[in-house]
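Coordinates in review
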Amino acid sequence: MTIQRVSSKWAKTKVLLQSRQLTRYIPLTRKYSRAALAEMLNERSLVYIKPDIGTYGNGVMSVERLHELKPQEQDSEPASPEKYKLHYVTSSQEFSSLDDLHRAIRDRTQQKLYLLQHGIFKLKYRDRSFDLRVLTQKTPYGSWETTGIIGRVAAKNKIITNYHSGGSIRMLDEVLEEHATQERINLLEKELYQLGVETAKQLQKEYPRLKEIGLDVAIDQNLIPWILEVNTLPAIFPFKKFFKDKSIYRRIERYAIAYGRLSSPGKGSRSKSKA
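Bear in mind that the values here come from a model prediction, so they are computed numbers and not experimental data.

1. Focus: the side chain of threonine 147
On the secondary structure map, threonine 147 appears in strand E9 (residues 144-153). Separated by 2.7 Å, the side chains of threonine 147 and glutamine 137 make a polar contact. In contact with threonine 147, other than residues within four places in its own chain, are Leu135, Gln137, Tyr193, Ile248, Arg251, Ile252 and Tyr255.

2. Let's talk about the nonpolar core
The biggest cluster of nonpolar side chains holds 35 residues, and the ones touching the most others in it are Phe130, Leu132, Leu176, Leu192, Leu203 and Leu215. Of all the elements in the fold, those that place two or more residues in this core are helix H1 (9-16), strand E8 (128-138), E9, helix H5 (172-176), helix H6 (182-206), strand E11 (212-219) and strand E12 (225-231). For this core, the element with the most residues is H6, which contributes 7 residues. Non-local contacts of leucine 203, meaning those with residues more than four positions away in its chain, are made with Lys12, Val15, Leu16, Leu210, Ile213 and Val230. By size, the runner-up hydrophobic cluster in this structure holds 20 residues, among which are Leu37, Leu41, Val47 and Met61.

3. Description of the environment of glutamate 198
Positionally, glutamate 198 belongs in helix H6. For glutamate 198, a relative accessible area of 18% gives the class buried. Once the C-alpha coordinates of glutamate 198 and threonine 146 are considered, the two residues, 52 residues apart in sequence, prove to be 9.9 Å apart. With near-sequence residues (within four places) excluded, glutamate 198 lies in contact with Gln21 and Leu22. For glutamate 198, the side chain forms a polar contact with the side chain of glutamine 194, separated by 2.7 Å.

Definitions and cut-offs
- Residues numbered from 1 in each chain as written.
- Predicted model: local features only at pLDDT ≥ 70, side-chain atom pairs only at ≥ 80, totals over all residues.
- Heavy atoms only, no water.
- Helix = DSSP H or I, 4+ residues; strand = E, 2+ residues; numbered from the N terminus.
- Polar contact = N/O pair within 3.5 Å; in protein donor to acceptor, adjacent residues only side chain to side chain.
- Contact = heavy atoms within 4.5 Å.
- Core = buried A, V, L, I, M, F, W, Y, C linked by side-chain atoms within 4.5 Å.
- Buried < 20%, exposed > 50% of the residue type's maximum accessible area, 1.4 Å probe, protein only.

If you want it as C-alpha cells, here you go:
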C-alpha cells in the first residue's frame, strides 16, 4: 500500500484546526488576499506569506510593519504614514502603501494560491533564526511514535531555516541552552514528542494511509511551540548525519523500512524528501 502524501498546506491546516487540542499550537492562517493582508498587518507587525504547495522553503516571504499603530487605528487599515518591509530570499524592499506592497507580492505569487500566517517572533541561536523539525513515524505495531527532534538554523540574512537553502542542523539542547534551564528544555521536549503524535493522529483521520510526518515548529520568546506546517515526506538523512547517538537513526530506519519508505538498511529513500 502506497504511503499517502499531502501537498496542500491549506488542506492540512484545515484538518488540524478541527482538533481543539491542536488549535492552540497553530498560528492564525488565511488564504492570501489584500483584505487578509491588511487585517493581519493590523493585528501583527510580522506576517509570513508562503505558497500552498511548495518545498524547501521556496517562495516564502515575510512582511514587517515598520510603524506602530495608534489606538484609533486598531480597527481599520493603518493610517499614514504606512511603511512595510517585504523580505524574500536574501533581499528586502520597503513600501509606503499597502497597495504597493500588495502589487509587489502579487507579482511574485503569479495568481497562485498563497497563505498568510501570523509571524512568530522566534528564539535565535547565535543571532540567527531557528525552528525545530519533529519527526513522527508509524511503528511496525500500528501506533505513532515521535522518533527524533532537530534544530534547523537559518543561514545568514535568510528567513527560512531549510537545510537545502543553506541552513544548518543543531541538537535541541544546543539551540535552547541559552534560553532555558535543562529542566525546562526536558519539559518542552516531552511536549514536542506528544505534539508530534497528536498531530499525526489528527491528520490520519482524513488521510488514513499516512505513515510519517515532519512538523516544523517555532519556539517563541515565552518558550511556547507553534506548528508552522507539517510535511508528509520529511527528510530523514539529517538524523543519520548529525546525531551522535546512532541508535536514534537505527530506529527511524527500522520503522521506515517496515512501512516501505526505505527498501533496506543503508539503501536510502525511494522518493525525494524535504527537510
